[in-house]
Amino acid sequence: MAHALLGNDGPCKNIHVHSYKLRVTLRGKALFNSGHLKDGMIIDFSELKTLINDAVIKVYDHALVLNSAAYNSEIELLSKQYARVILVPFQPSCENLIVEMKNKINSLFVDRPFELISLRLDETATSYAEWYAEDNV
């Protein structure tokens, strides 16, 4: 995903690309039914991967994410040039993106026997943001 930070006083004001990695941690009661195919699971990893892929990865993968407050003429030009320009009502920093992703993911888990307890979004090999449910009670 590419992004730029509107009005940033450093190099991040320019459009640049990251290879993000998202880590999702859930908490819940595992199914204990020795005859069941999902015995010992909170959720099947393949189902979890599909949910996360549809809600987050497919949205942001190979997209350019920009603050919607950016100059309209430039956004118009970029949108004509590239199909995957996403405008968000916030600065698309790693910290803000993880909160946006948390909101999308949490909406998938309503009425499920587990809860989202943490996310980690690695922007680079050494830079990341973390979100913990316990910090947001």
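Keep in mind it's a predicted model, so treat the numbers as computed, not measured.

Q: Would you mind going over unusual backbone geometry with me for this structure?
A: Trans peptide bonds make up the majority, and among non-glycine residues the majority have a negative phi. Even without being a glycine, His62 presents a positive backbone phi close to 60°. Following the sequence through the fold, His62 ends up in the loop between α1 (45-60) and β4 (64-67). What makes His62 exposed here is its relative accessible area of 69%. Its identity as a non-glycine residue notwithstanding, Asp111 has a phi of 60°, on the positive side. Tracing the sequence through the fold places Asp111 in the loop between α3 (94-108) and β6 (114-122). By relative accessible area, Asp111 is classed as exposed at 77%.

Q: I'm lost on the confidence of the model for the chain in this one. Help?
A: Regions with low pLDDT carry predicted coordinates that are not meant to be interpreted in detail. Per-chain confidence: the chain averages 92 in pLDDT, with 99% of residues scoring 70 or above. Mean pLDDT across the secondary structure elements of the chain bottoms out at helix α2 (residues 72-81), with 81, and peaks at strand β7 (residues 128-132), with 98.

Q: How should I be thinking about the packing of aromatic side chains in this particular structure?
A: Each pair of aromatic rings is reported with the distance of its centres and the angle of its planes. For the coordinates displayed, the defined rule picks out one aromatic pair. Seen from their ring centres, Phe109 and Phe114 are 4.9 Å apart, and the 75° between their planes marks the pair as edge-to-face. The pair formed by Phe109 and Phe114 is uniform in burial state, with each residue classed as buried. The aromatic ring of Tyr128 is capped on one face by Arg120, whose charged end is 3.5 Å from the ring centroid.

Rules used in this analysis
Numbering of residues begins from 1 in every chain and follows the order in which that chain's sequence is written. Note on the predicted model: pLDDT of at least 70 is required for a residue's local features to be given, and 80 or more for side-chain atom pairs to be given and counted; whole-chain, interface and lining totals, by contrast, use all residues. Excluding hydrogens and water, the side-chain values take into account all heavy atoms of the structure. A helix here means a DSSP run of H or I that spans at least four residues, while a strand means a run of E at least two residues long, and both kinds are numbered starting from the N terminus. Relative accessibility under 20% of the residue-type maximum defines a buried residue, over 50% an exposed one, and the middle range a partly exposed one, all with a 1.4 Å probe and only protein chains included. As a per-residue measure, pLDDT tells how confident the predictor is, with possible values from 0 to 100. Only Phe, Tyr and Trp rings are paired, with Trp represented by its six-membered ring, and only when their centres lie within 6.5 Å; those with planes under 30 degrees apart are stacked, over 60 edge-to-face, the remainder tilted. Lysine and arginine charges are scored as sitting over a ring when NZ or CZ, respectively, is within 6 Å of the ring centre and within 35 degrees of the ring normal.

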